[in-house]
Amino acid sequence: MSISSRVIYLDSNATTPVMPLALEAARAVMEDDYGNPSSVHSSGIQAKAVMEHARKTACELLGSENGKLLFVSGATEGIQTAVFSALLALRDKLAKGEKVGTDLLYGATEHKAVPESLQHWNQVLGLNFNIIAIPVDHAGRHDLAFLKAHLASAGLVCTMAANNETGIVTDLAGIEALLKDHPTYWLVDGVQALGKLPLKLSQHRIDYSLFSGHKLYAPKGIGLLYVHKDAPFTPLLAGGGQEGSLRSGTENVSGIAALGAVLEALCDGHTFREHATLEKFRLQLLDAVKEAFPGLILNAPLEQSLPTTLNFSVPGLTSKELLDLFDAADVRVSAGSACSAAKAQPSFVLQAMALPEWQAASAVRMSFGPAVTADYIEEACRRIRVCGEALRKTCMVTGDIEPLPAEGVIQLSFGAACTWIVADAASKQCIVIDALPELIERITKYVRCQTYTVAAIVGTGSHPQQNQHNQALAGLLADAYKGKVLTPIADHAGAVNLLLSPKLSINGIALGEKFFAQLDLSQSPNRPVFLFGERVNDAKDANVKTNFAFCGDLFDTRNQTENIAPLSEQEIAAIKSELKSFIGQNALLCAAHDFDKRLVTMFDHETECCLESVTVPSANLREFISEHPGTILVDVREPYEQQLSHFDVPEGSEVLHVPLTRLANGVERWLKQNEAKTTPILFFCRTGGRSSQAVQCLRRLGYENAWHIAGGLALWQH
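Conventions we followed
Throughout, residues of each chain are indexed from 1 in the direction in which the sequence is written. This being a predicted model, a pLDDT of at least 70 is required before a residue's local features are given, and a value of 80 or more before pairs of side-chain atoms are given or counted; all residues contribute to the totals for chains, interfaces and linings. Working from all heavy atoms in the structure, the side-chain values ignore hydrogens and water. When DSSP finds at least two bridges between two strands, those strands are taken to pair. The helix and strand labels rest on DSSP assignments: H or I over at least four residues marks a helix, E over at least two residues marks a strand, and numbering proceeds from the N terminus. Axis definition: a line fitted to C-alpha atoms, limited for helices to the stretch in contact. Angles are taken between N-to-C directions and run from 0 to 180 degrees. Contact definition: two residues touch when any of their heavy atoms are within 4.5 Å. Defined by distance alone, a disulfide is two cysteine sulfur atoms within 2.5 Å. Categorising residues by exposure relies on relative accessible area from a 1.4 Å probe, with only protein chains included: less than 20% of the type maximum marks a residue as buried, more than 50% marks it as exposed, and the intermediate range marks it as partly exposed.

Peer 1: Explain the sheet that holds strand β8 (residues 223-228) here, please?
Peer 2: To summarise the sheet geometry, strands pair through backbone hydrogen bonds and adopt either a parallel or an antiparallel arrangement. Here we have seven strands laid out as an open sheet, ordered β2-β8-β7-β6-β5-β3-β4, and mixed in their pairing. Each edge of the sheet is formed by a strand with only one pairing partner; in this case those strands are β2 (67-72) and β4 (130-134). In this sheet, neighbouring strand axes are inclined to one another by 15 degrees on average, regardless of whether the strands run parallel or antiparallel. Here four bridges tie strand β3 (residues 103-107) to strand β5 (residues 154-160), and the two strands are oriented parallel to one another. Bridge pairing in β5 links L104 to L156. Strands in contact with helix α3 (residues 75-95) are β2, β3, β5, β6 (185-189), β7 (208-212) and β8; relative to β7, the strand with the most contacts, it is inclined by about 165 degrees.

This is the structure we're talking about:
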């Protein structure tokens with residue numbers, strides 16, 4: 001296998017690189033045998049021969065002598081054609097008065113192309129059949145008792161040979177035994193099985209099966225559809241009569257030749273690894289990830305899954321965080337199906353398996369192709385272990401590595417809900433605001449890793465059962481929590497008197513040269529605001545300047561806890577006016593929920609930002625820097641990513657590391673230090689998502705010389 005030495009690609013269930021021999025076969029067709037297979041001259045005949053040779057190879061490998069094998073564009077077209085054909089046949093039988101099943105059954109963990117195809121053609125054909133998911137157990141195996149109970153009314157059953165997310169291998173023999181005496185049509189998605197499992201179609205009563213070339217080292221845009229000789233078939237594409245009038249359209253001969261070359265290689269005995277070797281490679285990867293992520297949980301039993309697939313979750317870490325981590329080390333993994341991984345949703349496959357929600361939201365899939373080499377796996381394991389070291393150094397998991405110090409305001413999120421931490425590296429103290437139950441374990445690990453003392457655990461009352469969660473966190477951090485029990489700021493050990501304004505003195509906690517205090521507003525009973533900022537002098541009665549105000553959901557009515565009535569616009573205006581009179585108009589406001597991904601806000605009217613106008617294409621980066629001397633590049637990726645990543649910095653540029661979770665500190669500093677707001681700031685991250693949040697935040701707050709790089713490092717370094 002030839003692949004970039006810089007990238008370790010462990011997402012082969014999504015797609016694979018094109019094998020050199022497949023590339024050569026495709027090139028030969030494009031250069032020499034480029035004729036149209038429908039032409040009767042010599043060039044056309046030669047192209048036709050290439051195509052039929054590939055078909056013969058596929059037929060022998062798959063044992064498809066009991067049916068037809070068509071070349072299609074890929075698995076999705078194969079699914080559409082099979083479903084369309086089966087449903088048309090059922091409709092025709094109903095029209096003739098024949099008794100047919102009108103339930104369409106599919107595995108609950110099927111690729112989304114299957115249920116969506118069933119819904120589409122059911123609606124288009126006006127059938128109104130019932131579409132029913134076959135449940136799976138915790139291991140992802142089909143509930144055969146459920147299937148048996150529904151077979152009498154089933155017209156079509158759709159199952160996959162092996163799952164694309166978990167690698168779980170389907171009990172095809174068990175399903176076939178149930179279907180033996182039923183006229184139900186049976187579709188089997190063979191995409192993940194090709195090259196990894198023996199599959200002789202002629203030995204089964206499968207009516208339709210489909211395969212995709214790009215999952216096995218062939219190019220995208222080529223696949224196979226098997227149709228049993230007794231299964232109904234209606235062409236999805238009509239026109240020129242190609243493929244024996246079964247699938248019209250000029251054939252993709254170069255893709256067919258490439259797929260044929262890969263299928264021939266499956267039989268040569270050396271290009272692809274045998275099953276036992278693949279299992280050994282997977283165990284090597286598993287050992288590496290266990291070392292990197294202590295406490296990880298496998299989401300699918302190894303003995304029931306493909307030897308090329310690992311699916312696991314790490315307590316306390318989300319899928320996105322893990323993907324960002326691996327990507328920084330140039331290791332490509334997935335959070336699930338490539339067709340749905342871009343959506344910020346838990347894996348529907350793991351949800352169907354009834355795994356805990358956190359597992360479904362934290363799942364990572366590692367998958368490699370059956371032609372992988374031992375050296376490749378060893379390098380993958382080395383990088384995985386380095387990823388683990390980066391996490392330990394940044395306190396994302398516990399370990400024995402000296403951590404990087406934490407300082408200032410840190411924003412942690414679970415969905416739109418936020419927990420804030422303020423930390424002082426010099427005094428080794430921190431304070432937690434609005435602890436979320438989903439983040440308690442992470443906060444505990446973080447505090448212990450940093451060996452910080454927790455000066456206070458407080459809440460704005462914006463999260464349900466906030467006191468309960470605060471107490472739980474205090475219990476876990478009993479040895480690190482200064483007061484052992486939650487106490488009001490005014491009664492806290494070490495409290496100091498702070499002069500907030502000429503007309504207000506409050507009690508607060510000293511954090512080195514900073515302060516933290518609770519402000520109870522007359523306009524907002526039961527809704528405390530917490531302030532963090534600078535102490536002007538060291539006197540006991542110190543003047544202070546508020547830099548940050550943690551105001552919960554005072555100014556956002558979209559989330560209100562059950563115990564506090566919603567505020568009116570007039571009440572919100574009055575609260576803002578009172579708070580501003582104490583802390584000034586320039587303090588940054590930190591909310592308990594960030595529905596719009598604004599990060600931090602201010603009192604004054606904010607200027608909305610048009611993202612397109614502040615986006616710099618990666619190809620124009622050097623030109624932009626040349627036109628904007630003194631540009632500061634700001635990397636908003638997290639510390640564990642920054643530890644792993646190496647990239648070329650444009651000459652004459654400075655790079656600052658300000659993670660998005662700590663951007664509030666940078667925003668406060670940039671607005672204060674650059675009152676003229678003339679220094680050009682250019683944000684970047686891995687793909688452009690986080691940097692777009694950062695630039696919009698700074699622009700909204702009035703900093704007009706901020707931009708971000710489109711596509712992030714993924715395009716810039718490419």
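Peer 1: Any chance you could explain the state of the cysteines here in plain terms?
Peer 2: Where two cysteines share a covalent bond between their sulfur atoms, that bond is called a disulfide. As enumerated under the stated definition, the model contains one disulfide in all. Between the sulfur of C395 and that of C449 lies a disulfide, 2.1 Å long from S to S. In this structure, the disulfide formed by C395 and C449 twists by about -70 degrees around the S-S bond and is classed as left-handed. Highlighted residues: C395 in the loop between α13 (374-393) and β13 (408-414) and C449 in helix α14 (residues 440-450), separated in sequence by 54 residues. Per residue, the accessibility class of C395 equals that of C449, and both read buried. Free of any disulfide, C430 has its nearest neighbouring cysteine sulfur in C395, separated by 11 Å. You can call C430 buried: its relative accessible area is 1%.

Peer 1: I tried to follow the side chain of D11 on my own but got confused; where do I start?
Peer 2: Residue placement: D11 occurs in the loop between β1 (8-9) and α1 (20-31). Non-local contacts of D11, meaning those with residues more than four positions away in its chain, are made with R332, V333, S334, R365 and S367.

Peer 1: How do you make sense of the sheet that holds strand β23 (residues 615-616) when you look at a structure like this?
Peer 2: Ordered by their spatial adjacency, five strands build an open sheet running β23-β27-β26-β24-β25, and the pairing between neighbours is parallel. Strands at the two margins of the open sheet, each flanked by one partner only, are β23 and β25 (654-657). As paired elements, strand β24 (residues 632-635) and strand β26 (residues 681-684) share four bridges and run parallel to each other. Paired with D635 across the strands is F684, a residue of β26. Here helix α20 (residues 689-700) sits on the sheet in contact with β26 and β27 (706-709), set at roughly 170 degrees to β27.

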